[in-house]
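Understanding the architecture of this molecule
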Amino acid sequence: EVQVVESGGGSAQSGGSLRLSCAASGYTGGALCMGWFRQAPGKEREWVAAVDIQNTSTYANTAKGRFTISQDNAKNMVYLQMNNLKPEDTAMYYCAVASEGYDDCSAAWEYNGWGQGTQVTVSS
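Report follows, based on the coordinates. (Residues numbered from 1 in each chain as written. Predicted model: local features only at pLDDT ≥ 70, side-chain atom pairs only at ≥ 80, totals over all residues. Heavy atoms only, no water.)

**As for the packing of aromatic side chains**
Scanning all chains against the criterion turns up three aromatic pairs. For the pair Phe37 and Tyr111, a centre-to-centre distance of 5.3 Å together with 85 degrees between the ring planes defines the contact as edge-to-face. Pair noted here: Phe37 is in strand β4 (residues 33–39) and Tyr111 is in the loop between β9 (91–98) and β10 (113–114), with a separation of 74 residues, a long-range link. For the pair shown, Phe37 and Tyr111 are each scored as buried. Every member of this aromatic cluster is reached through a ring pair, and the members are Phe37, Tyr111 and Trp114. The ring of Phe37 carries Arg45 above its face, with NZ or CZ at 6.0 Å from the centroid. (Phe/Tyr/Trp six-rings, centres within 6.5 Å; stacked < 30°, edge-to-face > 60°. Helix = DSSP H or I, 4+ residues; strand = E, 2+ residues; numbered from the N terminus. Buried < 20%, exposed > 50% of the residue type's maximum accessible area, 1.4 Å probe, protein only. Lys NZ or Arg CZ within 6 Å of the ring centre and 35° of its normal.)

Following this line, the structure appears as structure tokens:
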């Protein structure tokens, strides 16, 4: 079974930075997608960023220009560097892994492994 563990969440002021880390295990070969999603209270889960097996990164419009996703395939790690944080970034952030197939790394249903979440809180 795929196991995913996130870390690095915490509190930051508006304009500050945080880096989230994710360690994945329980599958062979490289992940087809590694991605980040977030969910704020009372809102739907939304896709934030993803990187695929070709090392192509994609971002939601809310993340583009501020967040950077990167991966270390050898270590099955993925990171999310978040700069210029805003209060609207406050959410539980989830790391996800697609190890068996994918068509669109922004679609939650593509992923077969999910972490427990790490909280990010941004104050004004």
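**Comments concerning the nonpolar core**
A general tendency of soluble globular proteins is for nonpolar side chains to be buried together. Judged by nonpolar contacts, the single largest core of 29 residues is most densely connected at Trp36, Leu80, Met82 and Tyr93. Listed by contribution, the elements that provide at least two residues to this core are β3 (18–25), β4, β5 (46–52), β7 (67–72), β8 (77–82), β9 and β11 (118–123). Residue contacts for Met82: discarding those within four places in its chain leaves Gly16, Ser17, Leu18, Leu20, Arg66, Phe67, Tyr93 and Val120. Counting residues in hydrophobic clusters, the runner-up holds nine residues, among them Cys33, Ala60, Ala96 and Tyr111. (Core = buried A, V, L, I, M, F, W, Y, C linked by side-chain atoms within 4.5 Å. Contact = heavy atoms within 4.5 Å.)

**What to know about the state of the cysteines**
Going through the model one piece at a time under the given rule, you end up with two disulfides. The residue that forms a disulfide with Cys22 is Cys95, at a sulfur-sulfur distance of 2.0 Å. Its S-S torsion of about -80 degrees marks the bond between Cys22 and Cys95 as left-handed, since a negative value means left-handed. Of this pair, Cys22 sits in strand β3 while Cys95 is found in strand β9, placing the two residues 73 residues apart along the sequence. One exposure class covers both Cys22 and Cys95, and it is buried. One disulfide bridge connects Cys33 with Cys105, the sulfur atoms lying 2.0 Å from each other. The sign of the S-S torsion, about -75 degrees, decides the handedness of the disulfide formed by Cys33 and Cys105: left-handed. Taken together, the residues span a long stretch of sequence, with Cys33 in strand β4 and Cys105 in the loop between β9 and β10 at a distance of 72 residues. (Disulfide = S-S within 2.5 Å.)

Any functional reading would require information beyond the geometric quantities listed.
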